Amino acid sequence: MNIATLELSNNLILAPLAGISDLPFRTIARRFGCGLCYSEMVSADGIVRGQRKTLDILRSGPGDRPLIAQIFGSDPGVLAAAAEIIEERGLADAVDINMGCPVKPVIRRGAGAALMREPERVRLIIREARRSVRIPLTVKIRSGWSPTEKNALEIARIAEGEGADAVAVHPRTASQGFSGRSDWSVIAEVKAALKIPVIGNGDVETPGDASALLGQTGCDGIMIGRAALGNPWIFRNALRHLAGEGIELANLEEKRRVIGEHLEMSVGRYGEVTGVKNFRKHLFWYTKGLRGSAAFRKGAGTVTGKGNVLAVISAYFETLAEVAAEEKMPLDFLGKLNISFNQSKAFSRLGPGGTEER
Ligand SMILES: Cc1cc2nc3c(=O)[nH]c(=O)nc-3n(C[C@H](O)[C@H](O)[C@H](O)COP(=O)(O)O)c2cc1C
């Protein structure tokens, strides 16, 4: 799959996820085969004002390519100027304009999904951004604002007409938030009408869902968001499944190694205090479904310091491995075992001051 001049090694795409799809998470996703990553959404206004915090969200690194920087805003001039800065500074390979975010602070400013209620503004936004940059330009939309205002096709056609290079569709309305199911027929409808690549998104939870989305909609790219949380292996297994190969579940050893590497990268990216804090949610997702994980998470949620976090992770995974060995179960199936996690064993390794009250 190509998006204009941007060549992808495959069509599995990590969704833009605010607070989540940062450099460490993208690096891990790519390691398991993800063919394209989006940044977290960033304020176009913040970029244009040169706000350090905003620009820092776009921090990338060697190997973190191909990358699409997603911006949000409502002013065509500001969005175009932000896109230009991204191109000039080489912050990403392409720019995406967020037209799907339903959260209040964003829609209150007329940005995100609120744009879908203003097709003429959408036209101006894409026109100006298109004039400003040569790198690929994409948009990400929902199915519309509300059940009575569904206009994904209209917006997608405007985007294509004004020179956008791809459209990603998350077929829920803004008023739906994340409730109900994605209506993949909207993706099929948009795909049938457009010549540019259409990226399907919404509720791809398994490798089987990835091929079902392709089959049911004919979409070009498959965007995965929530299913990748704590589970970057979804990319490997969706790729394998699409190639007709069997899936390869992550065993305990691999999981533990990736968790450790992710923590290291998070600390490298943000420094120890923030890096550990940001990493906690990932740790929770990685261990979700494993036996004893509720107790583990309760304890690990208050542990501070990289070394201490690594120690409790090691203890937890050693306990899991011991139980798996005793039960003569393949480690892959550990999630199905019924063990209780020995918290005191894990926490006895902590030095003084290793936990915090929350
Ligand atoms: C925590 C979280 C943060 C998100 N942040 C963004 C964002 O910054 N920009 C965006 O366009 N969509 C964002 N989304 C929406 C996702 O990109 C995606 O469209 C949605 O989760 C549906 O895909 P999924 O079912 O694979 O998760 C976010 C979703 C979640 C759950």
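Keep in mind the model is a prediction, meaning the values are calculated, not measured. (Residues numbered from 1 in each chain as written. Predicted model: local features only at pLDDT ≥ 70, side-chain atom pairs only at ≥ 80, totals over all residues. Heavy atoms only, no water.)

Considerations on the state of the cysteines
Convention followed: Our working definition of a disulfide is a cysteine sulfur pair at a distance within 2.5 Å.
Going through the model one piece at a time under the given rule, you end up with 0 disulfides. Looking at C37, it has no disulfide partner, and the nearest cysteine sulfur is the one in C34, 3.8 Å off.

Some thoughts on the side chain of R26
As a reminder, the rule being used: Starting at the N terminus, helices and strands are each numbered in turn, a helix being any DSSP run of H or I of at least four residues and a strand any DSSP run of E of at least two. Two N or O atoms count as a polar contact when they lie within 3.5 Å, although within protein this holds only if one can serve as hydrogen donor and the other as acceptor, and sequence-adjacent residues are included solely when both atoms are side-chain atoms. Note on contacts: a residue pair qualifies if any of its non-hydrogen atoms lie within 4.5 Å across the two residues.
Within the secondary structure, R26 sits in helix α1 (residues 23–31). Within the structure, the side chain of R26 is placed 2.7 Å from the side chain of D64, a separation counted as a polar contact. With residues up to four places along the chain from it excluded, the contact list for R26 reads L14, S21, C37, Y38, S39, R59, S60, D64 and L67.

Considering the packing of helix α9 (residues 207–217) against helix α10 (residues 233–242)
Angle between the axes and distance between the axes: these two values describe a pair of packed helices. Using the following cut-off: With axes taken as lines fitted to C-alpha atoms, and helix axes fitted only over the stretch in contact, angles between N-to-C directions fall between 0 and 180 degrees. An angle below 35 degrees is treated as roughly parallel, one above 145 as roughly antiparallel, one from 65 to 115 as roughly perpendicular, and anything else as oblique. Crossings are sorted by hand: turned counterclockwise from the far helix by less than a right angle, the near helix makes the crossing left-handed, and turned clockwise it makes it right-handed.
Running from N to C, α9 and α10 point in directions that differ by 55°, and their axes come no closer than 8 Å. Classified by the angle between their axes, α9 and α10 sit oblique to one another. Here α9 runs over α10; the crossing is right-handed. For the pair α9 and α10, the contacting residues are P207, G208, A210, S211 and L214 in the first and I234, N237, A238, H241 and L242 in the second.

A closer look at the environment of G215
Definition in use: Only protein chains enter the area calculation, which uses a 1.4 Å probe; residues under 20% of their type maximum are buried, those over 50% are exposed, and those in between are partly exposed.
With respect to the element layout, G215 can be found in helix α9. Judged by relative accessible area, which is 64%, G215 ranks as exposed. It is 34 Å that separates the C-alpha atoms of G215 and R256, two residues lying 41 residues apart in sequence.

Describing the packing of helix α6 (residues 119–132) against helix α7 (residues 152–161)
Just so we agree on the cut-off: Polar here means any residue outside two lists: the nonpolar Ala, Val, Leu, Ile, Met, Phe, Trp, Tyr, Cys and Pro, and the charged Asp, Glu, Lys and Arg; Gly therefore counts as polar.
Look at α6 against α7: their axes get within 9 Å of each other, and the N-to-C directions meet at 25°. When the axis of α6 is compared with that of α7, the two are roughly parallel. The two elements α6 and α7 cross, and the hand of that crossing is right-handed. Two secondary-structure elements touch here, α6 through P119, V122, R123 and I126 and α7 through E154, I155, I158 and A159. The residue inventory of the contact of α6 with α7, partitioned by class, reads 6 nonpolar, no polar and 2 charged.

What to know about the domain arrangement of the protein chain
Applicable threshold: These domain boundaries are the output of an automatic or database domain assignment. Summed over both partners, the accessible area (1.4 Å probe) lost when two parts come together is defined as the buried area. Criterion for a salt bridge: a side-chain nitrogen of Lys or Arg within 4 Å of a carboxyl oxygen of Asp or Glu.
Splitting the protein chain by domain gives domain 1 (2–242) and domain 2 (252–347). Each partner contributes residues to the interface: domain 1 has 18 residues there, and domain 2 has 13 residues. Carbon and sulfur atoms supply 62% of the area that domain 1 and domain 2 bury against each other, a total of about 1400 Å² over both sides. On inspection of domain 1 and its partner domain 2, the count reaches 3 salt bridges. Here domain 1 and domain 2 share 6 residue pairs in polar contact (both at pLDDT 80 or more) between them. Sorting the residues of the side of domain 1 that touches domain 2 by element identifies α1, α3 (52–57) and α10 as the ones contributing at least two each.

Re the packing of aromatic side chains
What counts is decided by this rule: Note on ring pairs: Phe, Tyr and Trp rings are taken, using the six-membered ring of Trp, and paired if centres are within 6.5 Å. Classes follow the plane angle, with under 30 degrees stacked, over 60 edge-to-face and the rest tilted.
Overall, the coordinates contain 4 aromatic pairs when judged by the stated rule. Here W233 and Y286 contribute two aromatic rings whose centre-to-centre distance is 6.2 Å and whose plane-to-plane angle is 70°, an arrangement assigned as edge-to-face. Of this pair, W233 sits in helix α10 while Y286 is found in helix α12 (residues 272–287), placing the two residues 53 residues apart along the sequence. Assigned by exposure class, W233 and Y286 land together as buried.

Description of the pairing of strand β6 (residues 94–99)
Condition: Any two strands are treated as partners once DSSP identifies two or more bridges connecting them.
β6 sits mainly inside the fold: 6 of its 6 residues count as buried. Every second residue of β6 is oriented toward a common face, with A94, D96 and N98 on one face and V95, I97 and M99 on the other, all of them buried. Pairing geometry for strand β5 (residues 67–72) and β6, over 4 bridges, is parallel. From the neighbouring strand, I71 faces β6, where its bridge partner is I97. Direction of pairing for β6 relative to strand β7 (residues 137–146): parallel, over a ladder of 5 bridges. Considered in β7, the bridge of N98 is made with K140.

Observations regarding the site of the ligand
The criterion, for reference: For this description, a residue counts as near a given molecule or strand if any of its non-hydrogen atoms is within 4 Å of it. Throughout, the Shrake-Rupley method with a 1.4 Å probe supplies accessible areas, and for residues the shown protein chains are the sole cover considered.
Close contacts around the ligand come from 17 residues, with A18, Q70, N201, D203 and R226 the closest. In the model, an oxygen atom of the ligand is placed 3.5 Å from a nitrogen or oxygen of the H170 side chain. Within the backbone of D203, a nitrogen or oxygen atom sits 2.7 Å from an oxygen atom of the ligand. Compared with its free state, where it exposes 620 Å², the ligand has 86% of that area covered by protein.

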